[in-house]
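Here's the letter readout for the chains.
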Amino acid sequence: MDDLAISELLSRLGFEGEGAEKALVRLCRDGLTRPGKTRIATVKIETAERALRAAFVRHCRKSACLPSPRETREPLPVSAVHCETCGGSDNRRAVEQMLVAMQRAGWTKLLVAGGSPGTRRELQRLCADRLDLRFVTDETTPNRKTVAPLLNWSEVAAIWTSTEISHKTTAVLRGPKVLKVSRRSVVALAEAVQERCAIVA
Ligand SMILES: [Zn+2]
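Fair warning: this is a prediction, and the values are worked out from it, not measured in the lab.

1. Describing the coordination of the zinc ion
Right, on to step 1. With distances of 2.3 to 2.4 Å, the protein atoms coordinating the zinc ion are Cys60 (SG), Cys65 (SG), Cys83 (SG) and Cys86 (SG).
Right, on to step 2. Because the angles between the 4 donor atoms bound to the zinc ion fall within 103 to 114 degrees, the donor set is best described as tetrahedral.
Right, on to step 3. The exposure class assigned to cysteine 65 is buried, which follows from its relative accessible area of 2%.

Take a look at the structure:
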């Protein structure tokens, strides 16, 4: 039967030292292993990972990644690459926080205008399918007929103003939903949206 060293399973998730001991206690309690066993069957790995994710919130030491007071799982400090919030990436941390803020505000529809193909791709990747995300790019026909319905559809709209974007487009993108983001990073956009959500939530 295929199996894996339990230490390997734990270190893949960032459980080291004392954290690994706590994780082992949890796996024993859940009947997924028992004291003295060093390997775990491959078929059990997914269940074990799920049990550990459900029991612990793995966070790095950045203040933005510390678990919220509402968190019910046991906090466990790990290296940044295993942090559930940032995974070692500032973009991911900022987008995760934006997603939480949007959820709290009851919003799911974000329109983004401008940005480079690279930053748009990164934003899309980080949001995955947890957000309804649409873009106005330089390929969008810059007129009211095309842009106004997108703005109407959105609950919040952010313009990356430092990137190439037609004047005709920005002329349509006006009103209380619209945010202007002057820095061209994913972090800047995510933080601006998050701030806007905090106002309504
Ligand atoms: Zn982190």
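2. Describing the sheet that holds strand E6 (residues 132-136)
Right, on to step 1. Strands sit in the order E6-E5-E7-E8 across an open sheet of 4 strands; the sheet is parallel. This sheet does not close on itself; its edge strands, each paired only once, are E6 and strand E8 (178-181). Ignoring strand direction, the axes of neighbouring strands in this sheet form an average angle of 20 degrees.
Right, on to step 2. Where strand E7 (residues 156-160) and E8 come together, 4 bridges link them in parallel fashion. Opposite tryptophan 160, over in E8, you have valine 181 as the bridge partner.
Right, on to step 3. Of the strands in this sheet, strand E5 (109-113), E6, E7 and E8 are in contact with helix H6 (residues 144-153), which crosses E6 at around 155 degrees.

3. Some thoughts on helix H3 (residues 42-55)
Right, on to step 1. Along its 14 residues, H3 runs 20 Å from first to last C-alpha, staying within 8% of the 20 Å computed at 1.5 Å per residue.
Right, on to step 2. All buried positions along H3 are accounted for by Ile45, Ala48, Glu49, Ala51, Leu52 and Ala55. For H3, the angular spread of buried residues about the axis comes to 165 degrees, placing them on one side. Across from the buried face of H3, at angles greater than 90 degrees, the exposed residues are Val43, Glu46, Arg50 and Ala54.
Right, on to step 3. Close packing links the buried residues of H3 with strand E1 (3-5), helix H1 (6-12), helix H2 (17-29), strand E2 (39-41), strand E3 (56-59) and strand E4 (74-77).

4. Brief notes about the nonpolar core
Right, on to step 1. Counting residues in each nonpolar core, the largest one holds 28 residues, and the members touching the most others are Val95, Met98, Met102, Leu110, Leu123 and Val193.
Right, on to step 2. Ranked by residue count, the leading element in this core is helix H8 (residues 186-200), at 8 residues.
Right, on to step 3. Leave out the neighbours within four places in its chain, and valine 95 touches Leu123, Leu126, Cys127, Val186 and Ala190.

5. With respect to the packing of H2 against H3
Right, on to step 1. One can describe the packing of H2 onto H3 by two numbers: an axis separation of 10 Å at closest approach and a directional angle of 115 degrees. Viewed along their axes, H2 and H3 form a crossing whose handedness is right-handed. Two secondary-structure elements touch here, H2 through Ala23, Arg26 and Leu27 and H3 through Ala48, Leu52 and Ala55.
Right, on to step 2. Residues that form the contact of H2 with H3 fall into these classes: 5 nonpolar, no polar and 1 charged.

Analysis parameters
Residues numbered from 1 in each chain as written. Predicted model: local features only at pLDDT ≥ 70, side-chain atom pairs only at ≥ 80, totals over all residues. Heavy atoms only, no water. Donors = N, O, S within 2.8 Å, 3.2 Å for Na, K, Ca; no water. Tetrahedral: all angles 85-135°; square planar, octahedral: opposite > 155°, others 65-115°. Buried < 20%, exposed > 50% of the residue type's maximum accessible area, 1.4 Å probe, protein only. Pairing = 2+ DSSP bridges. Helix = DSSP H or I, 4+ residues; strand = E, 2+ residues; numbered from the N terminus. Axes fitted to C-alpha atoms, helices over the stretch in contact; angles between N-to-C directions. Contact = heavy atoms within 4.5 Å. Expected span 1.5 Å × (residues − 1). Arc of directions from axis to C-beta. Core = buried A, V, L, I, M, F, W, Y, C linked by side-chain atoms within 4.5 Å. Left-handed = near helix turned anticlockwise from the far one by under 90°. Nonpolar A, V, L, I, M, F, W, Y, C, P; charged D, E, K, R; others polar.

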